[in-house]
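Structural overview
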Amino acid sequence: MTLLPITLIGDKILRRKASAVKEVDVKTIELIRDMFETMRNANGIGLAANQVGADKSIFIIDISVIEGYEELKPMVFINPKITYRSEKKVFIEEGCLSIPDIRAEVERPETIKMDYQDTDLKELTIEAKDLLARLLQHEYDHLQGVLFTDLISDEMKKKLKRNLSNIKQRNIEFQYPVTEHADYQMQL
Ligand code: ZN
């Protein structure tokens, strides 16, 4: 397994809609394994493929470290699609491995339904609420080229401007490997 460098806000690949996965070959399985290693090394609970520079519609989660979710096994979501969003929205604080050291309250639907495929490309559906719904929406957004900082108030954005530019310029200390330059894309 390999630790992969994480792409940061400012990298173009984080702004592109990820390409659909049509086949899960050996390289894809290897990518997923490396994503799990990379996520755990960075103490993350979710990671999308474009966060390691791969243009594929895949994200992974593992929230078994969180109280109340110990039973939930690590999961892989391929070609996910949100099919239902509750009208009721809630504020929950979010962070992101591609935007280190920044956390902000983000308002999103409380409950969602998502269609996705597993590593056998079997069609599955998940219904989620609370933290799980939040995480699935955050990771799904990554694959659409959306970051959580796009969803916060203008006032908050202004406050974070300097921090964001420091991240983009690699001007802070990172706790895990990150890409050296923007526009990094993995050759698959
Ligand atoms: Zn994120």
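**A closer look at unusual backbone geometry**
The phi angle of most residues is negative, glycine excepted, and most peptide bonds adopt the trans form. Positive phi, close to 60°, is recorded for Asn43, a residue that is not glycine. Phi is positive for Asp101, close to 65°, though the residue is something other than glycine. Residue placement: Asp101 occurs in the loop between strand S4 (89-94) and strand S5 (104-109).

**Description of the pattern of salt bridges**
According to the stated counting rule, one finds 10 salt bridges in the structure shown. Of the charged contacts, one joins Asp150 and Arg15 as a salt bridge, the two residues approaching to 2.7 Å between their closest N and O atoms. Of the two residues, Asp150 is situated in the loop between helix H2 (130-144) and helix H3 (154-168) and Arg15 in the segment before helix H1 (26-41); the sequence distance between them amounts to 135 residues. Between Arg108 and Glu94 there is a salt bridge, with its nearest N and O atoms 2.7 Å apart. Remark: Glu94 occurs in strand S4 and Arg108 occurs in strand S5; sequence separation between them is 14 residues. Per residue, the accessibility class of Arg108 equals that of Glu94, and both read buried. One network of salt bridges, with partners in common, ties together Glu94, Arg108, Arg134 and Asp141.

**Brief notes about the coordination of the zinc ion**
Ideal donor angles around a metal are set by the shape: a four-donor tetrahedron calls for 109.5 degrees, a six-donor octahedron for 90 or 180 degrees. The protein atoms donating to the zinc ion are Cys96 (SG), His138 (NE2) and His142 (NE2), with metal-donor distances spanning 2.1 to 2.2 Å. Of note, the zinc ion draws all its donor residues from one chain, in the sequence arrangement C-x41-H-x3-H. Here the residue Cys96 occupies a position in the loop between S4 and S5, and His142 occupies one in helix H2, the gap between them amounting to 46 residues. Look at Cys96 and you get buried, because its relative accessible area is 10%.

**A few points about H3**
Of all the bends in H3, the largest measures some 50° and sits at Leu160. Among all positions in H3, only Leu160, Leu164 and Ile167 are buried. Downstream of H3 by one or two residues, Arg170 has phi in the positive range, about 55°.

**Topic: the sheet that holds strand S7 (residues 123-129)**
Spatial ordering of the open sheet is given by S1-S2-S3-S6-S7, a layout of 5 strands whose pairing is antiparallel. Only two strands of the sheet have a single neighbouring strand rather than two, namely strand S1 (46-48) and S7. Taken over all neighbouring pairs, the strand axes of this sheet differ in orientation by 40° on average, direction set aside. In the sheet, strand S2 (residues 58-61) pairs with strand S3 (residues 75-85) via 4 bridges, with the strands oriented antiparallel. Opposite Phe59, over in S3, you have Phe77 as the bridge partner. Running over the sheet, H1 touches S1, S2 and S3 and is turned about 40° from S2.

**Examining the packing of aromatic side chains**
This structure, assessed with the given rule, holds 2 aromatic pairs. An angle of 50° between the planes, with centres 4.4 Å apart, marks the rings of Phe77 and Tyr116 as tilted. Linking Phe77 in strand S3 with Tyr116 in strand S6 (residues 111-117), this pair joins segments that are 39 residues apart in sequence. The exposure class assigned to Phe77 is buried, which follows from its relative accessible area of 0%. Above the ring of Tyr84, the side-chain terminus of Lys113 is found at 5.8 Å from the ring centroid.

**A short note on the environment of Leu131**
When you line up the elements, Leu131 lands in helix H2. For the pair Leu131 and Ile63, spaced 68 residues apart in sequence, the C-alpha separation works out to 9.2 Å. For Leu131, the contacting residues outside a window of four places in its chain are Ile63, Ile66 and Tyr69.

Definitions and limits used
- Residues numbered from 1 in each chain as written.
- Predicted model: local features only at pLDDT ≥ 70, side-chain atom pairs only at ≥ 80, totals over all residues.
- Heavy atoms only, no water.
- Helix = DSSP H or I, 4+ residues; strand = E, 2+ residues; numbered from the N terminus.
- Salt bridge = Lys/Arg side-chain N within 4 Å of Asp/Glu carboxyl O.
- Buried < 20%, exposed > 50% of the residue type's maximum accessible area, 1.4 Å probe, protein only.
- Donors = N, O, S within 2.8 Å, 3.2 Å for Na, K, Ca; no water.
- Bend = angle between axes of the 7 residues up to and from the residue.
- Pairing = 2+ DSSP bridges.
- Axes fitted to C-alpha atoms, helices over the stretch in contact; angles between N-to-C directions.
- Contact = heavy atoms within 4.5 Å.
- Phe/Tyr/Trp six-rings, centres within 6.5 Å; stacked < 30°, edge-to-face > 60°.
- Lys NZ or Arg CZ within 6 Å of the ring centre and 35° of its normal.

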